[in-house]
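Residues per chain are reported as follows:
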Amino acid sequence: MRFTKMQAAGNDYVYMDTLKAPISSPEGLARRISDRHFGVGSDGLILICPPSDPGEADFRMRMFNADGSEAEMCGNGIRCVGKYVYDNGHTDKEQVRIETLAGVLTLRLHVSGGKVETVTVDMGEPRLAPKDIPVSGPGEDFINRPLRVQGRVWNVTAVSMGNPHAVVFMHGIDNLDLSGIGPQFEHHPLFPRRTNTEFVEVVGRHHLKMRVWERGAGETLACGRGACASVVAAVLTGNTERKVRMKLLGGELDIEWDKATNHVFMTGGAVTVFALLITYTKSIWFGCFGTLLAALLIAALLYKPRVLRRRAALLFAAVIVLVVGYNSLCLGNTVFTRALHHFSAGQSVSLQDQYDQLMEQIRQAQAMLCDEGTRLLQRLGSALRNLSVLLTMS
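Calculation rules
- Residues numbered from 1 in each chain as written.
- Predicted model: local features only at pLDDT ≥ 70, side-chain atom pairs only at ≥ 80, totals over all residues.
- Heavy atoms only, no water.
- Helix = DSSP H or I, 4+ residues; strand = E, 2+ residues; numbered from the N terminus.
- Buried < 20%, exposed > 50% of the residue type's maximum accessible area, 1.4 Å probe, protein only.
- Contact = heavy atoms within 4.5 Å.
- Areas by Shrake-Rupley, 256 points an atom, 1.4 Å probe, with all protein chains shown as cover.
- Core = buried A, V, L, I, M, F, W, Y, C linked by side-chain atoms within 4.5 Å.
- Disulfide = S-S within 2.5 Å.
- Polar contact = N/O pair within 3.5 Å; in protein donor to acceptor, adjacent residues only side chain to side chain.
- pLDDT = per-residue confidence, 0-100.
- 1 Å grid on protein atoms, 1.4 Å probe; cavity = no way out; pocket = protein on both sides within 12 Å on 5 of 7 lines; lining within 4 Å.
- Points joined across faces, edges and corners; volume = space filled by probe spheres on them.
- Nonpolar A, V, L, I, M, F, W, Y, C, P; charged D, E, K, R; others polar.
- Expected span 1.5 Å × (residues − 1).
- Phe/Tyr/Trp six-rings, centres within 6.5 Å; stacked < 30°, edge-to-face > 60°.
- Lys NZ or Arg CZ within 6 Å of the ring centre and 35° of its normal.

Q: Which parts of the structure should I look at to understand the overall build of the chain?
A: If you tally the helices and strands in the chain, you get seven helices and 18 strands. In the chain, which comprises 394 residues, the share counted as buried stands at 45%. Of the contacts made within the chain by residues no fewer than 6 positions apart, 63% connect residues no fewer than 24 positions apart. Of the accessible surface of the chain, which amounts to about 19,300 Å², a share of 54% is contributed by carbon and sulfur atoms.

Written out as structure tokens, the structure reads:
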């Protein structure tokens, strides 16, 4: 199983390439792999899939929250999708169309040194009608309306950027008990499909600061669509201009609500944290092979100890060396791959080239050990035939 961990503004997801083969039960996999104590650790799982209609999009993105629920899309996650498909050679275009449950979005990839450094996403038009968000309430919009949550009245602006957002402007967001108030907003009956909630502090006409409680994930370091919804809400309430630098716990994003097109554009970085290939199949095969061989050798020693003891010991030792050697290389592959995490951001291409060369050498060594395993299996077959003859004579 191969996966890549990526982050954008600290919003980290595990990415899996399903362009050639789909993955069964992604909901359960998302829960297991997202666990930060017993899994890889992430805000969720994102699958990179073939588009439903190649004429409409280049790729398709499916996003699952840490609780296994599937969401429409993720603004930070989609930037990483753009980086993934370009950096891994799935496209050479610097403008790609990504299909999501929120529609087809266009990405402009900013490439430097053959790798994507930043991505601008056309997030489309914000939706303000309550039925489109959705939020229960009369009128044509839900702007700066009072909402009682946990015994306090908050002024809320509801916006959809393909999924629901409740934006609250306040002072002192650093001291906010988000883990206490966040779930109360998320599950408020006013939001029939639950909601993401952004608590925003106005720093200046072109500068906002935000903390976010994401539906199905809890507090995260960033939320791209939440940042876009917050800028729209800030403009609607007269707090900022249309072009804003948004500061989040995980980094900064540049957001612009273009007046001419009514589209919201988001620009930010995308970083590969590490990539990992789990080669568990061959390891299990070698383990089963070694267990079977050990049982056969014990049987051989019980029947003909003097005849087979020396050959059995040598053959058993060869299997141990082979299995330990192969799994050591698998472990080395994992360790070196994880070590790339420390060098992923801002390093030279030569470091990546050295890493690729090292991984190729490890793969060659693994292939050589597999060949040795085949030859050892042939020798085992011959030994078993001899054992059968000896047992028949005894």
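Back to the text.
Q: Teacher, can you tell me more about the nonpolar core here?
A: The tendency in soluble globular proteins is for nonpolar side chains to be buried as a group. Within the largest apolar cluster, 54 residues are counted, with the highest numbers of intra-cluster contacts made by Met-61, Leu-107, Met-123 and Ile-255. With residues up to four places along the chain from it excluded, the contact list for Ile-255 reads Ala-227, Cys-228, Val-231, Arg-242, Lys-243, Val-244, Met-246, Val-264, Phe-265 and Met-266.

Q: Teacher, can you tell me more about the state of the cysteines here?
A: A covalent bond between the sulfur atoms of two cysteines is referred to as a disulfide. Using the criterion set out here, one finds zero disulfides in the structure. No disulfide involves Cys-223; its nearest neighbouring cysteine sulfur is the one of Cys-74, lying 6.3 Å away. Just so you know, Cys-228 is unpaired, no disulfide at all, and the nearest cysteine sulfur is the one on Cys-223, 8.6 Å from it.

Q: Quick question: what am I supposed to make of the environment of Lys-93 here?
A: By secondary structure assignment, the location of Lys-93 is in the loop between helix H2 (75-87) and strand S6 (95-100). Spatially, the C-alpha atom of Lys-93 lies 8.3 Å from that of Leu-109, the residues being 16 residues apart in sequence. Every residue in contact with Lys-93, bar those within four places of it in the chain, is listed here: Asp-58, Tyr-86 and Leu-109. Polar contacts involving the side chain of Lys-93 include one to the side chain of Asp-58, which spans 2.6 Å.

Q: Sorry, what's going on with unusual backbone geometry here?
A: Note on backbone geometry: most residues besides glycine have negative phi, and most peptide bonds are trans. With an omega of -10 degrees, the peptide bond between Ile-133 and Pro-134 qualifies as cis. As for its position among the elements, Pro-134 is in the loop between strand S8 (115-122) and strand S9 (145-149). Here the phi dihedral of Ala-9 falls at roughly 55 degrees; this positive angle occurs in a residue that is not glycine. Locating Ala-9 in the fold gives a position in the loop between strand S1 (2-8) and strand S2 (11-17). A positive phi angle, near 50 degrees, is found at Ser-25, a position not held by glycine. The topology assignment puts Ser-25 in the loop between S2 and helix H1 (26-34).

Q: Would you explain the confidence of the model for the chain in this entry?
A: Detailed reading of the predicted coordinates is not advisable wherever pLDDT is low. Across the chain, the average pLDDT comes to 83, with 70% of residues at 70 or higher. Within the model, pLDDT remains below 50 along residues 331-351, and this stretch shows 27 contacts once partners closer than five positions in the same chain are excluded.

Q: Got a minute to help me understand empty space enclosed by the protein in this structure?
A: Space left empty within the atom packing is revealed by a probe, the size of a water molecule, rolled over the atoms. Counting across every chain of the model gives one cavity of 30 Å³ or more. Taken as a whole, the largest cavity spans an internal volume of roughly 50 Å³. Lining the largest cavity are Met-63, Asn-65, Ala-71, Met-73, Asn-163, Asn-196, Glu-214, Arg-215, Cys-223 and Arg-225. Class assignment of the residues belonging to the lining of the largest cavity gives a composition of four nonpolar, three polar and three charged.

Q: Any chance you could explain H1 here in plain terms?
A: The α-helix advances 3.6 residues per turn, and as a result positions three or four apart in sequence lie on the same side. Those residues of H1 that fall on the buried side of the exposure criterion are Pro-26, Gly-28, Leu-29, Ala-30, Ile-33 and Ser-34. As for H1, its buried residues are in contact with S2, strand S3 (44-49) and strand S4 (59-65).

Q: Would you mind going over helix H4 (residues 224-236) with me for this structure?
A: Over its 13 residues, H4 runs 19 Å from end to end, which matches the ideal 18 Å to within 8%, given 1.5 Å per residue. A large share of H4 lies buried, amounting to twelve of its 13 residues. One or two residues past the end of H4 sits Gly-238, with phi positive at roughly 75 degrees.

Q: For this particular structure, what's the right way to read the side chain of Thr-195?
A: Along the chain, Thr-195 falls in the loop between helix H3 (178-186) and strand S12 (196-204). A distance of 3.5 Å separates a polar atom in the side chain of Thr-195 from the backbone oxygen of Pro-164. Apart from the residues within four sequence positions on either side, Thr-195 is in contact with Pro-164, His-165, Ala-166, Phe-185, Glu-186 and Arg-215.

Q: It is not clear to me how the packing of aromatic side chains should be interpreted in this structure. Could you clarify?
A: Describing an aromatic ring pair means giving the distance of the ring centres and the angle of the ring planes. Summed over the entire model, instances satisfying the criterion amount to four aromatic pairs. Ring plane angle 65 degrees and centroid distance 6.4 Å describe the contact between Phe-3 and Phe-274, whose orientation is recorded as edge-to-face. Here Phe-274 lies in strand S18 (residues 271-277) and Phe-3 lies in strand S1, a separation of 271 residues in the sequence. In this structure, Phe-3 and Phe-274 share a single accessibility class: buried. Seen from their ring centres, Trp-154 and Phe-199 are 5.8 Å apart, and the 70 degrees between their planes marks the pair as edge-to-face. Here Phe-199 lies in strand S12 and Trp-154 lies in strand S10 (residues 152-160), a separation of 45 residues in the sequence. The exposure class of Trp-154 is buried, given its relative accessible area of 6%. Taken together, the ring pairs connect Trp-154, Phe-185 and Phe-199 into an aromatic cluster. Sitting above the plane of the Trp-257 ring, Arg-242 keeps its charged end 4.4 Å from the centroid.

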